[in-house]
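Architecture at a glance
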Amino acid sequence: MREALAAEGLDPDGVVLREVGTDGDAEREGFVGSPTIRIDGADVAPAAGEPAGLTCRIYHLRDGRVSPVPDPQDIREAIREAIK
Amino acid sequence: MNIGDTVPPFDLPATDGTDKGPGATPTVVVFTCNHCPYALAWHDRLLSVARDYGQRAVQVLFINPNDAERYPRDSFEAMKERVQADGGWAAAYLRDESQEVARLFGAKTTPDVFVLDAEGVLRYRGAPDSDYEDPAQEAAWLRGALNALLEGREPDPAETEPVGCSVKWLP
């Protein structure tokens, strides 16, 4: 995330880490798993239909592989969309 | 559980309706689950090991120890549905509802791989290979440990750091 921000000329320290510690917090936040990356509240890889909860999040890279983190290109595109 | 320790016998229910545990042949025990991206990323590589080494009398047991109350995707029913949807697996998929077996092994993550010799002695513990992102790794550490065991050598490395999601322990 920080690499992607720096690549777009943005402050890599502009990332705020938030711990979601309880099921209630997850429900309130609409948190569907760790890690969830949001830019101005928008998920970089929206997970339609996923239930809120304290779980590991499954991402799919653009080549179809399962990953614990979003595809870097998805992050870069979300940043570019946010700064349009 | 440390390298060189002997694992006490255990049996757990499998998705095929039987009870299974280590036998009189080398056994690979993989603590895994349905919902962890690391476990899913390594899954096909581990099944490939089960297919390849099953021909050499190695038994592969996948064990899901996660708390299914808080993580319903890891329920026994969900495990059965997953195996059925895949048309069966080359490895047995066992449910460790009480988490006693996971605690016995000291499992940390999904996946966390343990290789036992025919006498039940722990000979390898850790990750399947060095990179969950790279299918070309083909579970090289696990295959290396099994090759060593089957050829009468000591696995090298005998221990690597398990990588994955934490086991979801009961409250």
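Everything discussed here concerns the structure shown above.
Below is a short write-up of the structure. (Residues numbered from 1 in each chain as written. Chains lettered and ligands numbered in written order. Predicted model: local features only at pLDDT ≥ 70, side-chain atom pairs only at ≥ 80, totals over all residues. Heavy atoms only, no water.)

**Topic: the overall build of chain A**
Here is the rule: Only DSSP runs of H or I with at least four residues qualify as helices, and only runs of E with at least two residues qualify as strands; both kinds are numbered from the N terminus onward. Radius of gyration: over C-alpha atoms. The globule rule applied is 2.2 Å multiplied by the number of residues raised to the 0.38 power. Only protein chains enter the accessibility calculation, which uses a 1.4 Å probe; a residue whose area is less than 20% of its type maximum is buried, one above 50% is exposed, and one in between is partly exposed. The contact rule is simple, with two residues in contact once any of their heavy atoms fall within 4.5 Å. For every accessible area listed, the method is Shrake-Rupley and the probe measures 1.4 Å; residues are considered covered only by the protein chains on display. For the purpose of charge, His is not counted, nor are the chain termini; Lys and Arg are scored as positive and Asp and Glu as negative. Throughout, a charge is located at the NZ atom of Lys, the CZ atom of Arg, the CG atom of Asp or the CD atom of Glu.
A count of helical and extended segments in chain A gives three helices and four strands. In chain A, the succession of α and β elements from N to C terminus is α-α-β-β-β-β-α. Relative to the compact-globule value of 12 Å for 84 residues, chain A shows a C-alpha radius of gyration of 13 Å, a close match. Looking at chain A residue by residue over its 84 residues, the buried ones come to 31%. The contacts of chain A with a sequence gap of at least 6 include a subset with a gap of at least 24, amounting to 35%. Carbon and sulfur atoms make up 50% of the accessible area of chain A, which totals about 5300 Å². Of the charged side chains in chain A, 10 are positive and 17 negative, and the gap between their average positions amounts to 3 Å.

**Here's the deal with helix α3 (residues 72–82) of chain A**
Residues and elements named next belong to chain A. Selection criterion: The reported arc concerns the directions from the helix axis to the C-beta atoms and nothing else. Pairing of N or O atoms within 3.5 Å defines a polar contact, subject to two protein rules: one partner must be a possible hydrogen donor and the other a possible acceptor, and residues neighboring in sequence count only if both atoms are side-chain atoms.
Taken together, the buried positions of α3 are occupied by Asp74, Ile75, Ala78 and Ile79. The arc that holds every buried residue of α3, seen down its axis, measures 135°, which confines them to one face. Where α3 is buried, its residues meet α1 (2–7) and β1 (38–39). If you check the start of α3, you find a side-chain oxygen 2.9 Å away from the backbone N of glutamine 73, and it comes from aspartate 71.

**Details of the nonpolar core**
Spelled out, the test is: Working definition of a nonpolar core: buried Ala, Val, Leu, Ile, Met, Phe, Trp, Tyr and Cys residues. They are joined through side-chain atoms within 4.5 Å.
Counting residues in each nonpolar core, the largest one holds 33 residues, and the members touching the most others are B:Val28, B:Leu46, B:Phe62, B:Val113, B:Val115, B:Leu142 and B:Leu146. Listed by contribution, the elements that provide at least two residues to this core are β3 (27–31), α1 (37–54), β4 (59–64), α2 (76–85), β7 (112–116) and α4 (140–150) of chain B.

**Side note on the interface of chain A and chain B**
Quick note on the threshold: Summed over both partners, the accessible area lost on bringing two parts together, with a 1.4 Å probe, is the buried area. The salt bridge definition used is simple: a Lys or Arg side-chain nitrogen within 4 Å of an Asp or Glu carboxyl oxygen.
Counting residues at the interface gives twelve residues for chain A and 15 residues for chain B. Together chain A and chain B conceal approximately 1100 Å² of surface at their shared face, both sides included; 59% is due to carbon and sulfur atoms. Counting every contact that joins chain A to chain B gives two salt bridges. In this structure, B:Arg73 engages A:Glu50 in a salt bridge whose closest nitrogen and oxygen atoms are separated by 2.5 Å.

**Some remarks on the pairing of β7(B)**
Residues and elements named next belong to chain B. The following threshold applies: Two strands are said to pair when DSSP picks up at least two bridges between them.
With five of its five residues buried, β7 lies for the most part within the structure. Residues Asp112, Phe114 and Leu116 point to one face of β7 and Val113 and Val115 to the other, with burial holding for every one of them. One ladder, built from five bridges, connects β3 with β7; its direction is antiparallel. Among the inter-strand pairings, valine 30 is bridged to a residue of β7, identified as valine 113.

**Structural notes on the environment of A:Arg57**
For A:Arg57, the position within the fold is in the loop between β2 (42–43) and β3 (59–60). The buried category is assigned to A:Arg57, whose relative accessible area is 4%. Sequence-wise, A:Arg57 and A:Ser67 are ten residues apart; in three dimensions their C-alpha atoms are separated by 8.7 Å. Leave out the neighbours within four places in its chain, and A:Arg57 touches A:Val32, A:Gly33, A:Ser34, A:Pro35, A:Thr36, A:Asp43, A:Ala45, A:Pro46, A:Ala47, A:Ser67, A:Pro68 and B:Pro37. A polar contact is formed between the side chain of A:Arg57 and the side chain of A:Thr36, at a distance of 2.9 Å.

**Side note on the pattern of salt bridges**
When the charged atoms of two side chains lie near each other, side chains of opposite charge can form a pair. All told, the structure shown has 19 salt bridges over all chains when counted by the stated rule. A salt bridge links B:Asp52 to B:Arg143, with the shortest nitrogen-to-oxygen separation between them at 2.9 Å. Of the two residues, B:Asp52 sits in helix α1 while B:Arg143 sits in helix α4, which places them 91 residues apart along the sequence. Owing to a relative accessible area of 33%, B:Asp52 belongs among the partly exposed residues under this scheme. Via salt bridges that share partners, A:Arg62, A:Asp74 and A:Glu77 belong to a single interconnected network.

**Here's the deal with the sheet that holds β3(B)**
Residues and elements named next belong to chain B. We apply this condition: Between the N-to-C directions of two axes lies an angle of 0 to 180 degrees, each axis being a line fitted to C-alpha atoms and, for a helix, fitted only over the stretch in contact.
Spatially, β5-β4-β3-β7-β8 is the arrangement adopted by the five strands of the open sheet, whose pairing is mixed. Every other strand in the sheet has two partners, leaving β5 (92–95) and β8 (122–126) as the edge strands with one partner each. If you compare each strand with its neighbour and ignore which way they point, the axes differ by 20° on average. In this sheet, β5 lies alongside β4 in parallel orientation, the contact comprising four bridges. Along β5, the bridge assignment pairs asparagine 64 with arginine 95. The sheet contacts of α1 involve β3, β4 and β7, and relative to β4 the element is tilted by about 145°.

**Some details on unusual backbone geometry**
Omega for the peptide link from A:Ser34 to A:Pro35 comes to -5°, which places this bond in the cis form. Mapped onto the elements of the fold, A:Pro35 is located in the loop between α2 (23–29) and β1. Residue B:Pro157 is reached from B:Asp156 by a cis peptide bond, and omega for that bond is 5°. Along the polypeptide, B:Pro157 turns up in the loop between α4 and β9 (165–166). Despite not being glycine, B:Ala57 has its phi angle at roughly 65°, a positive value. The topology assignment puts B:Ala57 in the loop between α1 and β4. In this model, B:Gln99 sits at a positive phi of 70°, which is unusual for a non-glycine residue.

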